[in-house]
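Per-entry structural report
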Amino acid sequence: MGGHGVIQRYREFLPVSEDTCIISLNEGNTPLIQSHNLVRALGGGFRLFVKYEGLNPTASFKDRGMTMAVTKAVENGVRAIVCASTGNTSASAAAYASRAGLVCVVLIPEGKISYGKMAQALIHGAKTIEVRGNFDDALDLVRELGTRDDIEIVNSINPFRIQGQKTAAFEVCDELGDAPDMHFLPVGNAGNITSYWTGYNEYRDAGKSTSLPMMMGWQAEGSAPIVKGHVITSPETVATAIRIGNPASWEQAVRASEESSGAIDCVSDDEILDAHRMLARTEGIFVEPASAAGIAGIVKSYARGGIPPESTVVVTVTGHGLKDPGIAIENAKASSVVVEPNIQSVLDAIGME
Ligand SMILES: *Cc1c(COP(=O)(O)O)cnc(C)c1O
């Protein structure tokens, strides 16, 4: 049942035994795409690779952690898993729970999750509960449910999530032959930046790589608790997957940025949306807005001279663009044209003779 997922591939680095029944959907092994056009559009001078995590089974990186969390939940003999979610954790939990034959309960902020993510939770049969509050309110309720013996929490406070997610750093090193100089990514609950830093360190300690990247984490301006240094009670941003006011892995994220001589900074919604469109137009890579925060971070860092010449830079784009088609249609700043069914009308519409 293990298939070719991340646990099977990196089991020597993960808390599993010979007897563990692996619950997998063949997650991981996502493309690392060299992006010449985007670098050229910025002005050149460095090497950029985009780790396209939207190509995981439920279309976000959350699957890497979920295969591990659900595998351990089954090992522990629970009946149900529960999570609070801005959408992608619940989509992933719902799918892996189906695979494992577990009940899945998801608590989401009322009216705040995208259409695609809601569709995923519902089609997989998760008990989907909208809470009149924000993500942080939903997480408080989950913590309370998690005190029961028959329910396992699969939010990023579940330590196995971090373990599974660190495999993305292994894949980057395996493919590049070593760690990059800088690693950019969006930051919400800060589990992913913690995971990458853990993974890069473990790989270097195991002699599989020789260096460590600077970790460059990006929050959205309206929900940037780490940058501002205090909890944000009503976080706001178009990038719903990082609309988090009180990150679960706050301290670990700060440690990752400090130990790596990196940074945690923020970008505005306009910068995020520009990066969202720019990545789609220059490279053909379609992501959800939160995923574009790391791209916006590259644009900002480059403009400040913060990317040394000749560096190798990796950016994780965390979720697929089809998760949120509404925002994509809005942000495309273009629309379709209706014509009569004759060739002249089509040529007129595309501006060709
Ligand atoms: C969960 C998520 C994030 C944020 O990751 P954290 O580990 O919470 O920092 C960013 N983008 C997408 C698409 C996500 O699903």
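Attention here is on the structure that accompanies the text.

About the criteria used
Residues numbered from 1 in each chain as written. Predicted model: local features only at pLDDT ≥ 70, side-chain atom pairs only at ≥ 80, totals over all residues. Heavy atoms only, no water. Patch = residues over 30% accessible without salt bridge, like charges linked within 9 Å, V, L, I, M, F, W, Y side chains within 5 Å. Areas by Shrake-Rupley, 256 points an atom, 1.4 Å probe, with all protein chains shown as cover. Salt bridge = Lys/Arg side-chain N within 4 Å of Asp/Glu carboxyl O. Buried < 20%, exposed > 50% of the residue type's maximum accessible area, 1.4 Å probe, protein only. Axes fitted to C-alpha atoms, helices over the stretch in contact; angles between N-to-C directions. Helix = DSSP H or I, 4+ residues; strand = E, 2+ residues; numbered from the N terminus. Parallel < 35°, antiparallel > 145°, perpendicular 65-115°, else oblique. Left-handed = near helix turned anticlockwise from the far one by under 90°. Contact = heavy atoms within 4.5 Å. Nonpolar A, V, L, I, M, F, W, Y, C, P; charged D, E, K, R; others polar. Phe/Tyr/Trp six-rings, centres within 6.5 Å; stacked < 30°, edge-to-face > 60°. Core = buried A, V, L, I, M, F, W, Y, C linked by side-chain atoms within 4.5 Å. Pairing = 2+ DSSP bridges. Polar contact = N/O pair within 3.5 Å; in protein donor to acceptor, adjacent residues only side chain to side chain.

1. Some words on a nonpolar patch on the surface
- Taken together, the side chains of Val337, Val339, Ile343, Val346, Ile350 and Met352 define a hydrophobic patch exposed on the protein surface, amounting to about 570 Å² of accessible area.
- Assessed through its relative accessible area of 54%, Ile350 is described here as exposed.

2. Topic: the packing of helix H8 (residues 167-176) against helix H9 (residues 191-205)
- Viewed as axis vectors pointing N to C, H8 and H9 meet at an angle of 50°, and their least axial separation amounts to 7 Å. In terms of their interaxial angle, H8 and H9 are classed as oblique. Once H8 is placed against H9, the crossing between them reads as right-handed. Seen from H8, the contacting residues are Ala168, Ala169, Phe170, Val172, Cys173 and Asp174; seen from H9, they are Tyr196, Gly199, Tyr200, Glu202 and Tyr203.
- Partitioning the contact of H8 with H9 into residue classes produces eight nonpolar, one polar and two charged.

3. Remarks on the packing of aromatic side chains
- Applying the stated rule across the entire model yields seven aromatic pairs.
- Geometrically, the ring pair formed by Phe184 and Trp218 is stacked, given 6.3 Å between the ring centres and 5° between the ring planes. In this pair, Phe184 is assigned in strand E7 (residues 182-186) and Trp218 in strand E8 (residues 214-220), connecting sequence segments 34 residues apart. Each member of the pair, Phe184 as well as Trp218, is classed as buried.
- Taken together, Tyr10, Phe13, Phe170 and Tyr203 form an aromatic cluster joined through their ring pairs.

4. Regarding the pattern of salt bridges
- What the rule picks out here adds up to 15 salt bridges.
- With a shortest N-O distance of 2.6 Å, Arg64 and Glu53 are connected by a salt bridge. Placement of Arg64 in helix H3 (residues 62-75) and of Glu53 in the loop between strand E2 (47-52) and H3 is noted, with a sequence separation of eleven residues between them.
- Given the relative accessible area of 1%, Arg64 is considered buried.
- Close ionic contact of Lys117 with Glu288 constitutes a salt bridge, the shortest N to O distance being 2.7 Å. Residue Lys117 is located in helix H5 (residues 115-123), and its partner Glu288 is located in the loop between helix H12 (269-283) and helix H13 (292-303); the two are separated by 171 residues in the primary sequence. A single burial state applies to Lys117 and to Glu288, both of which are buried.
- In this structure, a network of salt bridges that share partners links the residues Arg9, Lys51, Glu53, Arg64 and Glu171.

5. Digging into the nonpolar core
- Phe46, Leu48, Phe184, Leu279, Ile298, Val313 and Val317 are the most contacted members of the largest nonpolar core, which totals 31 residues.
- Secondary structure elements with two or more residues in this core: helix H2 (36-42), E2, E7, E8, H12, H13 and strand E10 (312-317).
- With five residues, the top contributor of residues to this core is H13.
- Beyond its immediate chain neighbours, meaning those up to four positions away, Val313 contacts Phe46, Arg47, Leu48, Phe49, Met182, Phe184, Ile298 and Ile307.
- Of all hydrophobic cores here, the second largest spans 30 residues; its members include Val16, Leu32, Ala168 and Cys173.

6. A few points about the pairing of strand E5 (residues 127-131)
- Note that strand E4 (residues 103-109) and E5 share five bridges and pair parallel. Directly across from Ile108, in E5, lies its bridge partner Glu130.

7. A few points about the side chain of Asn192
- The topology assignment puts Asn192 in helix H9.
- A distance of 3.3 Å separates a polar atom in the side chain of Asn192 from a polar atom in the side chain of Gln165.
- When neighbours within four sequence positions are excluded, Asn192 is seen to be in contact with Phe61, Gln165, Leu185, Thr316 and Thr318.

8. Side note on the packing of H12 against H13
- The geometry of H12 relative to H13 is characterised by a closest axis approach of 8 Å and an angle of 100° between their N-to-C directions. Here H12 lies roughly perpendicular to H13, going by the angle between them. Across from Glu271, Ile272, Ala275, His276, Met278 and Leu279 in H12, the residues of H13 making contact are Ala292, Ala293, Ile295, Ala296, Val299 and Lys300.
- For the contact of H12 with H13, the residue count by class is nine nonpolar, one polar and two charged.

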